[in-house]
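What the coordinates show
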Amino acid sequence: MSARVTRILGGLALLALAAGLAAGFGYAPREAVQGNVQRIMYVHVPAVLTAYLAFGLVLVGSVGALATGRLSWDRLAGAAAELGVVFTGITIVSGSIWGKPTWGTWWTWDARLTSTAVLFLVYAGYLLLRAMVDEPERRARIAAVVGVVGAANIPIVHFSVKWWRALHQPSTILGPEPSPIAGPIAAALLVNWVAFTLLFLYLLLRRVELARLEDAWVPETRR
Amino acid sequence: MMPDHWGYVFAAYGLSAAALLGYWRHLAHRRRALDARPRTGKAR
Amino acid sequence: MIGYARRTWIVLWKDLLVERRSKESLNALLFFALLLLFLFQFALGPDQDRLHAALPVLIWLGFVLAGLLGLGRSFVAERDNDCWDGLRLTPGDKSAIYLGKLAGNLVVMGAVEVVILALFGLFYNVNLVSVLGPLAVVLALGTLGLATVGTLFAALTAGVRARELLFPVLLLPVQVPVLLATVSATQVVLAGQPLGDAGAWLRLLVGADLVYLVIGLLTFEFILDA
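Analysis parameters
Residues numbered from 1 in each chain as written. Chains lettered and ligands numbered in written order. Predicted model: local features only at pLDDT ≥ 70, side-chain atom pairs only at ≥ 80, totals over all residues. Helix = DSSP H or I, 4+ residues; strand = E, 2+ residues; numbered from the N terminus. Rg over C-alpha atoms; globule rule 2.2 N^0.38 Å. Buried ≥ 20, exposed ≤ 12 C-beta atoms within 10 Å, placed from the backbone. Contact = placed C-beta atoms within 7 Å. Nonpolar A, V, L, I, M, F, W, Y, C, P; charged D, E, K, R; others polar. Expected span 1.5 Å × (residues − 1).

1. Quick word on the overall build of chain C
Helix and strand counts for chain C come out as 9 helices and 0 strands. Scaling as 2.2 N^0.38, a compact globule of 226 residues should have a C-alpha radius of gyration of about 17 Å, and chain C matches this with 18 Å. If you line up chain C on its principal axes, its C-alpha atoms span 55 × 35 × 30 Å. Across the 226 residues in chain C, those meeting the buried criterion constitute 43%. Within chain C, residue pairs in contact and separated by at least 24 positions form 82% of the contacts whose partners lie at least 6 positions apart.

Okay, here's the thing in structure tokens:
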């Protein structure tokens, strides 16, 4: 992917983010129940959606690396995992900040936060593993297996945590999200989600390019 | 009716922006460091 | 097919033999279990109700910690003694090695679990005999979940830097949902309820175990070649 395409994508992402800010603060109304603190949702929800996109790509890259043995797939997996961890971190922090005034506590073991925290740990471990192996081919294989296990784990985490919460909490959970997601709120959410996705793709391209260059760099031979 | 918590809103947005900006700068920094390394004539 | 089963059996038999002869890890694990027993008693002490309510978690905490020690070392012997290439050059389907290792780990973990349970039952005055059947089912499913991923990750981290740190760091987050289901099912069973009451959890466990097993079988040879 050429540098020009990447730059254009970056520019688009920037514009979309600006539009998202405008939508989130200007177009979207003050929410009836929670007040303006609900606007954090325009960061929190797009972030978690982007994280899931990232981890989906980790699976794609991992399977590709195992199936073809070509390092380009592994570079995709590694880059996507890094971004996934960043966006998951943003999800958790923004969710926590949102929760403090609405629930009264920085952390609560609700289904989404718990699942997201587990997700964060799984892929942070994945990145740690990648850092411990230097040879690209070996790293690709080993990381790919963990990538596949991690991805298979996501639905398992989702269901187990959901059932666990259903056991210990009445079904009408007073979560931070307003229940019927009305027109302007949904629109602002959509704009921000598109913006996050564009930003993710831009950063992904740059990260993959960096990995490709680093793999191709040959150190000076010792004399 | 809840009072507005603009502090929390700005904190959330601010930290998220800082994280993304920080990552972008990290990438740029690594790219510069890579470009600055002495190269050999051979490619892999 | 016969050759595959035979190869699996050979790996299992070799590991069990090594285990019996050296008795290293088994002794260490049992000693560790005794230590846990004391620690939990000190922590939760005289309040019997609290202790019994915490029992499912305590039991599985013990199993997981013991498992970390035991599973993590699944492939160390091969790695240290330069047998890795021997494994790599085995003819035929290499997933048989994974299966053999898994079976060996299951046997060892099973033995440790039985002892830990017996000790807990004895020292904490819990009647486990009345719920033995359902408990065994939950134990089997939970241990399988732990061992399938544990064996795979043990192979994976065998030659990697900071293996002792990486192994639990990789294994534990993946185990969270499985442990959640296992502990929940154990709670149901220890309360004397019928196994069917934990149906949803058991179904999740069966599903997860199958998924992990299949992944292990399919990806093991990639790890060997790495």
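Moving on, there is more to tell.
2. Notes on the interface of chain B and chain A
Facing 26 residues of chain B, the contacting portion of chain A comprises 29 residues. Of the residues that constitute the side of chain B that touches chain A, the class distribution is 17 nonpolar, 3 polar and 6 charged.

3. Considering the interface of chain C and chain A
Taken residue by residue, the interface counts 26 residues in chain C and 26 residues in chain A. At the level of elements, helix 7 (132-157), helix 8 (163-190) and helix 9 (199-225) of chain C are the ones that each hand at least two residues to the side of chain C that touches chain A. If you tally residues by element for the side of chain C that touches chain A, the top one is helix 8 of chain C, at 10 residues.

4. Some thoughts on helix 2 (residues 41-68) of chain A
Its 28 residues place the ends of helix 2 of chain A 40 Å apart at the C-alpha level, agreeing with the 40 Å of an ideal helix rising 1.5 Å per residue. Positive backbone phi, at 75°, marks G69(A), one or two positions downstream of helix 2 of chain A.

5. Brief notes about the environment of L9(A)
Residue and element names in this part refer to chain A. Within the secondary structure, L9 sits in helix 1 (residues 3-27). Under the C-beta neighbour-count criterion, L9 is labelled partly exposed, with 19 such atoms within 10 Å. In this structure, the C-alpha to C-alpha distance between L9 and T116, residues 107 residues apart in sequence, is 28 Å. Among all residues touching L9, those that are not within four sequence positions of it are L198, L201, Y202 and L205.

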